Amino acid sequence: MLHGQDGYLIEAHVVQLAGTAADHQVPLPNRPAGQAFLCSFTVPKATCSAVLQLIAVEGPVTGMREAVLAPEVGFERWVMPHPYAPQLQGRLPFHAGGRPAVRQPVPRDPLSRARAWGHQVVRTGRLDPQFAALPPFQPKPPAQDLSARARRDRQRSADLGSLRDSRRGPHRGADR
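Residues numbered from 1 in each chain as written. Predicted model: local features only at pLDDT ≥ 70, side-chain atom pairs only at ≥ 80, totals over all residues. Heavy atoms only, no water.

K.L.:
Hey, could you run me through the overall build of the chain in this one?
P.N.:
Summing up its helical and strand segments, the chain has four helices and five strands in all. The order of helices and strands in the chain, counted from the N terminus, is β-β-β-β-β-α-α-α-α. Counting over 176 residues, the chain shows a buried share of 31%. Partitioning the intrachain contacts of the chain with sequence separation of at least 6 by distance along the chain shows that 51% fall at a separation of at least 24. Summed over its atoms, the accessible surface of the chain is roughly 11,700 Å², and 58% of this surface lies on carbon and sulfur atoms. (Helix = DSSP H or I, 4+ residues; strand = E, 2+ residues; numbered from the N terminus. Buried < 20%, exposed > 50% of the residue type's maximum accessible area, 1.4 Å probe, protein only. Contact = heavy atoms within 4.5 Å. Areas by Shrake-Rupley, 256 points an atom, 1.4 Å probe, with all protein chains shown as cover.)

See the structure below:
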């Protein structure tokens, strides 16, 4: 989920969690009212994975972070292309307030809480030694498009057939 009807991805990093590579994401899922930020760590292994998540939900007053930051950043620069996929658009715009470099004006807002928790997990998180010792995840190369492969094989067969016919000469294979 980068940016679309279900929310968007604010940031994603590969981090070290207790000496093991982990995927760290902070997406913003859509909600009926207010915002919620999901901070997650996924530690993939060859046959399984471990996931640690926090969901930070806005309280009864929504939009405090945005109300403080928008005038500072400037309304004309507030909505911006998504840094991971600028061509994607959705119901929720990516805005300057989600960038990590922007100051955190409301320390208890859900994005600030999610980021603080994520930093704490990276600093203090531990993995069970037996889990940490499992073989690492090895991504497989992408599967080849079978339809493209079939077209290529048919073309090769046709090319070989043409080559064979040309080697036979004009008299061979011709009607007599």
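Now that the structure has been shown, we can carry on.
K.L.:
Would you mind going over the environment of Val57 with me for this structure?
P.N.:
Inspection of the secondary structure puts Val57 in strand 5 (residues 49-57). The partly exposed category is assigned to Val57, whose relative accessible area is 35%. Separated by 52 residues in sequence, Val57 and Asp109 place their C-alpha atoms 8.4 Å apart.

K.L.:
Is there a simple way to explain unusual backbone geometry in this structure?
P.N.:
As a rule of thumb, non-glycine residues mostly have phi less than zero, and peptide bonds are mostly trans rather than cis. Backbone geometry at Ala18 places phi at a positive 55 degrees, although glycine is not the residue there. With respect to the helices, strands and loops of the structure, Ala18 is situated in the loop between strand 2 (7-17) and strand 3 (20-29).

K.L.:
Which parts of the structure should I look at to understand the pairing of strand 4 (residues 36-44)?
P.N.:
Along any regular strand the residues' side chains alternate between the sheet's two faces. With nine bridges connecting them, strand 4 and strand 5 associate as antiparallel partners. Residue Pro44 lies in a different strand from strand 5, and its bridge partner there is Ser49. Hairpin connection of strand 4 to strand 5: four residues between the antiparallel strands. (Pairing = 2+ DSSP bridges.)

K.L.:
I keep staring at the environment of Ala133 and nothing clicks. Help me out?
P.N.:
By the secondary structure assignment, Ala133 is in the loop between helix 3 (129-132) and helix 4 (146-168). Between the C-alpha atoms of Ala133 and Lys45, which are 88 residues apart in sequence, the distance is 9.3 Å.

K.L.:
Can you help me understand the packing of aromatic side chains in this one?
P.N.:
Two measures describe an aromatic ring pair: the distance that separates the ring centres and the angle between the ring planes. Overall, the coordinates contain one aromatic pair when judged by the stated rule. Cation over ring: Lys45 sits above Phe131, and NZ or CZ is 5.7 Å from the ring centre. (Phe/Tyr/Trp six-rings, centres within 6.5 Å; stacked < 30°, edge-to-face > 60°. Lys NZ or Arg CZ within 6 Å of the ring centre and 35° of its normal.)

K.L.:
Is there a simple way to explain helix 2 (residues 110-124) in this structure?
P.N.:
An α-helical segment advances 3.6 residues per turn. Residues three or four places apart therefore align on the same side. In this model, helix 2 (15 residues) spans 21 Å end to end at C-alpha, consistent with the 21 Å of a helix rising 1.5 Å per residue. Residues Pro110, Leu111, Ser112, Ala114, Arg115, Gly118 and Val121 constitute the buried set of helix 2. Put simply, Asp109 is the residue that caps the front of helix 2, since its side-chain oxygen is 3.1 Å from the backbone nitrogen of Leu111. (Expected span 1.5 Å × (residues − 1). Polar contact = N/O pair within 3.5 Å; in protein donor to acceptor, adjacent residues only side chain to side chain.)

K.L.:
Can you walk me through the side chain of Glu66 in this structure?
P.N.:
Within the fold, Glu66 resides in helix 1 (residues 64-73). By relative accessible area, which is 15% here, Glu66 ends up buried. Setting aside its immediate chain neighbours within four residues, Glu66 contacts Gln35, Glu58, Pro71, Trp78 and His95.

K.L.:
Explanation requested: the side chain of Ser112 in the structure shown.
P.N.:
With respect to the element layout, Ser112 can be found in helix 2. Ser112 sits in the buried class, given a relative accessible area of 9%. Here the side chain of Ser112 touches Asp109 through a polar contact of 2.4 Å, side chain to side chain.

K.L.:
Teacher, can you tell me more about the nonpolar core here?
P.N.:
Buried together is how nonpolar side chains tend to be arranged in soluble globular proteins. Counting 15 residues, the largest nonpolar core has Leu17, Phe37, Phe41 and Val43 as its most contacted members. Elements with a minimum of two residues in this core: strand 2, strand 3, strand 4 and helix 2. With four residues, the single largest contributor to this core is strand 4. Among all residues touching Val43, those that are not within four sequence positions of it are Leu17, Thr20, Ala21, Ala22, Cys48, Ser49, Ala50, Leu127 and Phe131. Ala70, Val73, Trp78 and Ala96 belong to the second largest nonpolar core, which has five residues in total. (Core = buried A, V, L, I, M, F, W, Y, C linked by side-chain atoms within 4.5 Å.)

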